[in-house]
Structure formats: structure tokens, C-alpha cells
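Overview (structure and organization)
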Amino acid sequence: MVRRFLTIMAGLALFVTGMRGGDIPVVAYMGVPYNHSTEQCFRDFKNAGFDICITNYPKIVDAKKALVTAQKVGVKIIARCVEADNNQQRMARELMAYPALYGYLVYDEPNSDKLKEIRQTVKEIRRIDPHHFLYMNILPYYGKAILKHTKTKDYNSYVNLAIATGVKVLSFDHYPLTTKGIRTEWYENLEIIRNESLKANIPFWGFVLSTPHLSYPQPTLASLRLQVYSNLAYGAQGIQYYTYWTPKDHDGFNYRNGPISYEGKKTKTFDIVKNMNLELDKIGTLFHNAKVTSVRHMLKIPEGAMQQTVLPINVKKLTVIGKEGAIVSQFTKNDNQYLALVNKNYKRKMTVEIAWSNDTPVHITKDLKAVTVQKRYNVAAGDMLIFRLC
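In what follows, the accompanying structure is described. (Residues numbered from 1 in each chain as written. Predicted model: local features only at pLDDT ≥ 70, side-chain atom pairs only at ≥ 80, totals over all residues. Heavy atoms only, no water.)

A word on the overall build of the chain. Along its length, the chain carries 9 helices and 20 strands. Here the C-alpha radius of gyration of the chain, 21 Å, is about what a compact globule of 390 residues would show, namely 21 Å. Taken over the C-alpha atoms alone, the chain extends approximately 65 × 45 × 45 Å along its principal axes. Split into buried and exposed, the 390 residues of the chain put 56% on the buried side. Split by element, the accessible area of the chain, about 16,500 Å² in all, is 48% carbon and sulfur. Of the side-chain charges in the chain, 52 are positive and 33 negative, and the distance between the mean point of each set is 4 Å. (Helix = DSSP H or I, 4+ residues; strand = E, 2+ residues; numbered from the N terminus. Rg over C-alpha atoms; globule rule 2.2 N^0.38 Å. Buried < 20%, exposed > 50% of the residue type's maximum accessible area, 1.4 Å probe, protein only. Areas by Shrake-Rupley, 256 points an atom, 1.4 Å probe, with all protein chains shown as cover. Lys, Arg positive; Asp, Glu negative; His and termini not counted. Charge placed at Lys NZ, Arg CZ, Asp CG, Glu CD.)

Below, the discussion takes up the environment of Ile 138. Examined against the element boundaries, Ile 138 turns out to sit in strand β6 (residues 133-138). Accessibility expressed as a relative area gives 0% for Ile 138, which makes it buried. The spatial distance from the C-alpha of Ile 138 to the C-alpha of Val 75 is 24 Å, given a sequence separation of 63 residues. Apart from residues no more than four positions distant in its own chain, Ile 138 is found in contact with Glu 109, Pro 110, Tyr 155, Tyr 158, Val 159, Ala 162, Leu 170, Ser 171, Phe 172, Asp 173 and Ile 193. (Contact = heavy atoms within 4.5 Å.)

Let us now look at the pattern of salt bridges. Pairing between side chains becomes possible if they bear opposite charge and their charged atoms approach one another. If you walk through the whole model with that rule in mind, you get 15 salt bridges. Here Lys 366 makes a salt bridge to Glu 279, at a shortest N to O gap of 3.0 Å. Residue Lys 366 is found in the loop between β17 (362-364) and β18 (370-371), and its partner Glu 279 is found in helix α9 (residues 268-287); the two are separated by 87 residues along the sequence. We classify Lys 366 as partly exposed; its relative accessible area is 21%. The salt bridge partner of Glu 324 is Lys 300, with a shortest N-O separation of 3.2 Å. One end of the pair, Glu 324, is in the loop between β13 (315-322) and β14 (325-333); the other, Lys 300, is in the loop between β12 (291-299) and β13, and 24 residues separate them in sequence. Taking the relative accessible area as the measure of exposure, Glu 324 reaches 19% and is therefore buried. Among the charged side chains, a network of salt bridges with common partners joins Arg 225, Glu 279, Lys 366 and Asp 383. (Salt bridge = Lys/Arg side-chain N within 4 Å of Asp/Glu carboxyl O.)

Moving on, we get to the nonpolar core. With 90 residues, the main nonpolar core has Leu 95, Ile 138, Tyr 155, Tyr 241 and Tyr 244 as its most contacted residues. Among the elements that line this core, the one with the most residues is α9, at 7 residues. Leu 299, Leu 318, Val 320 and Leu 389 belong to the second largest nonpolar core, which has 19 residues in total. (Core = buried A, V, L, I, M, F, W, Y, C linked by side-chain atoms within 4.5 Å.)

Attention now goes to the packing of helix α7 (residues 186-200) against helix α8 (residues 221-233). One way to put it is that α7 packs onto α8 with a least axis distance of 11 Å and a crossing angle of 30 degrees. Viewed along their axes, α7 and α8 adopt a mutual orientation that is roughly parallel. The way α7 lies across α8 gives a crossing that is right-handed. Between α7 and α8, the contacting residues are Trp 186, Tyr 187 and Leu 190 on the first element and Leu 226, Gln 227, Ser 230 and Asn 231 on the second. The class makeup of the residues in the contact of α7 with α8 is 4 nonpolar, 3 polar and no charged. (Axes fitted to C-alpha atoms, helices over the stretch in contact; angles between N-to-C directions. Parallel < 35°, antiparallel > 145°, perpendicular 65-115°, else oblique. Left-handed = near helix turned anticlockwise from the far one by under 90°. Nonpolar A, V, L, I, M, F, W, Y, C, P; charged D, E, K, R; others polar.)

Turning next to the environment of Tyr 262. Inspection of the secondary structure puts Tyr 262 in the loop between β11 (238-242) and α9. For Tyr 262, a relative accessible area of 41% corresponds to the partly exposed category. Counting along the chain gives 14 residues from Tyr 262 to Lys 248, while the straight-line C-alpha distance between them is 6.1 Å.

Coordinates in, geometry out; function isn't part of it.
Shown next, in the form of C-alpha cells:
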């Protein structure tokens, strides 16, 4: 393996609350489908580490039945009722009293023309139900070619039109890992979403791909870690999976091997996702409502991103050894300052060497234990390393 080195030395210029202990909500787009809305299916959903189920229901009565069942096992639902697509106020009137309701699916991947309509829809639903969550997910940035779908001059304009609809969370669904490797636009997409959400003072939710299709490969724990931890490093306050239940294959998409098969059976992906969510449930506490103050990169610097050139507080020297390098995220929580390093390689480990300025920093394990820092760490593929600096 080609080994690359980057050393930073002192003086060198260089709204939404979670549903469980982790506090970061874990959401499944295409969760438990309407025709499988049994208590056992929702229990499996919860045991896999999910909090919120996003489901399309043909009729309002289907959503009501699912909401009653989901409540029994402590699962929340974001619902869309197809029969009410032209009358979402009716859907709100019918569903707003159900305790398991988390919110309403307003629209997925709208263009700019549709966003103008959605702004009015948001107002109309809020007049009926001002309390529940209104969910809209926007198109990702896959380079300038995506602009013909957004119908905007640039992606930032598209994001701002989405924010102007009045939704309380900015959600986007970039799937970065393909059979050819990592999409080069992924980090630029994260940069734009983070920056625009900060300007608007609203949180954002990111996505993880859990169902192989097209050129998207079978997920591994390492590939899920890279997606989850990169989103957290950029400040995401919700993690979403596409999908939980494998969709019916159509139009050559070759959907396969999601956590639950189309027929309703657990696949090998189920345990991989469950293990990822067990990690997220613990570490999510640290990132929930944290303030990410800086996101930089070491070694490979993606388009739209910035190089880490200034040492974090109480760090005298920082070296990353690996092929892809690291995301360097600094954030604050409860008056403490933290450093998170994410290995951008989901196939190989990364080595981190750190010289400390004093004995104040501690290493925070993924089960949130504070342990004595070391000078050298091996970070598994796609994994994250965290320190409390002061």
C-alpha cells in the first residue's frame, strides 16, 4: 500500500431530539411497510437500533393501524398517505392525535419549482398541526450535472430554497460509496449542507446506504462507519438509512439484500446495521447538540474542503499515516472541547501519531469512557478516534 504522511507541528504555518440514549435519531427511509405492520416487525425494527420509521401508506386507515401497533413497541412513524397527496391537511387532521406519530413525509427530492409549492404546503399543515415534524428530503450534490434536476444556478441556491420552505431540519441523501470508490463530490456536499444549515440555524440529517442496488455495493461495518462518522464529524443531528426494508426491484435498480428482504426475512445486512447502530447509540450522546467549530482534512483534500493547518488546543504534533487521510473535526459540548478524527479509508486502517502539550487531554472511547491518551493509535477502516482536549 502506498503510504502517505502529513505532519503538523507547532509553529508551522500550515428541534429535534433523539428517541433513545444516544439522542441522535436513527431513521429508516422505507421502514416497515404497511402490509407488514405487525408487532413483531416493529420489534425487529427497534431491536436493529432504529427509532423512526418512514413509510408510504396507500390509505390513511393503513397509517392508523401501523401507528397503533408501533406505539406498543415504542417506534415512531413519519407517514405519507398516498390517498391524501392532494389534501395533506386531511392527513394531519386524521393522524395528529396518534402518540406514535413523529411527523409527515411532505416530499422527497423536489426540484426548485416544487419547493415553492412545498412552502405553501408546510404552512397549511402547520395550521392544522403545529406540533409534529414535517419531513422533506432534498437532492444530493453529484456535481454540476445535478443542477438540471434542481433547476437552480448552483447547489447553494437550491439548499436555500429548501430552507425557505420552513422545514426545521435539512435532510439530504448523498450515497458516496460505489463499486468505483468514494464519490468525489461527497465532502463538498457535506461542506455546503453544513455551512447553509449553520447560516439558517437549523440542524441537518445525513444518510447512509444500507441496501445495495445499481452500482452501490454490499455494505460492511467499515463502510457504514465511514458514512455515519463522517456525517457526525460535520455536525449531523440525525442519521438515516436507505433502506430498512428492501424495495421491490424495478427498472433495473437490482435492489437486494437490505436489512430485511422484500419478502420480510432478515438478511446478513441486518446484523451489520444493528452493530453500527449499537455504536451510534452510545457515541451519539456526545454529538447530540454539540457545536462543530471546525471541519478540516489531512492528506487528501477534497474539492470544496479545507486542509487542517492549525494544531488543536493542547496538541503539539499531529501525524496521520494512511492512504486517504482523515477528517479532522473539532467540536464543543458542555464547555469541553473535543477532537474527532475519521479514517476516510473504508478498506484499510489509518495510523495517528500525537504529541501532547500537557496531560489535560483524554481519549474518549466509543462507549464514552475517558482513558489515558497514547502517542500512537491504529484507527480501523472507516472508524473514528475521539479526544477531549480540555
